[in-house]
Amino acid sequence: NEAHLGDSLNRVVAGLRDLDHEKHELDPEALLSEVDARFRADLHRFAEARETLAHLYGLQAYAEIMSAFATGGRYLNRVWSASADGYVDEARTYVSKSLEQFEDALAHLETVQGSAVHASA
């Protein structure tokens, strides 16, 4: 599960960075399809492994990572919903907002993983 956490979150961030660069080229239907295709599996995999965070790094780390992850997920859902409803400007705005939150979650994860490595050394 520990490997799933970092791998999944890294893929989500990389995919959102790509999507953030491509968002102005995509119409709402294409944006909707991209969200489904790029993120569903990794978001699910991370969510399934999330309890490992508390076991490995403690409740504070869990709360910080999951707060950013959950907000990023809500923003990505907003991208999907706005795209489905044809609100392309809103969808594009929330791609960037979602990326910021997932980058924050990844930064927290990398910090606690680095601290755990130093603590065991």
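Everything below is about the structure shown above.
As a starting point, this report considers the structure included with it. (Residues numbered from 1 in each chain as written. Predicted model: local features only at pLDDT ≥ 70, side-chain atom pairs only at ≥ 80, totals over all residues. Heavy atoms only, no water.)

Across its full length, the protein chain holds five helices and zero strands. The globule rule puts the C-alpha radius of gyration for 121 residues at 14 Å, and the 15 Å found for the protein chain is close to it. For the protein chain, the spread of C-alpha atoms along the principal axes amounts to about 50 × 20 × 20 Å. The buried share of the protein chain, reckoned over its 121 residues, is 37%. A separation threshold of at least 6 residues defines the contact pool for the protein chain, and within that pool the share at least 24 residues apart is 74%. (Helix = DSSP H or I, 4+ residues; strand = E, 2+ residues; numbered from the N terminus. Rg over C-alpha atoms; globule rule 2.2 N^0.38 Å. Buried < 20%, exposed > 50% of the residue type's maximum accessible area, 1.4 Å probe, protein only. Contact = heavy atoms within 4.5 Å.)

Quick look at helix H2 (residues 28-49) now. With 22 residues, H2 should reach 32 Å at 1.5 Å per residue; the first-to-last C-alpha distance of 31 Å fits that figure. When the local axis directions of H2 are compared, the greatest deviation, roughly 45 degrees, occurs at Phe-39. Along H2, the positions that sit buried rather than exposed are Leu-31, Leu-32, Val-35, Phe-39, Asp-42, Leu-43, Phe-46 and Ala-49. (Expected span 1.5 Å × (residues − 1). Bend = angle between axes of the 7 residues up to and from the residue.)

If you check helix H4 (residues 59-84), its first and last C-alpha atoms are 36 Å apart, about what 26 residues at 1.5 Å a residue would give, namely 38 Å. At the exit of H4 stands Gly-86, carrying a positive phi of roughly 85 degrees.

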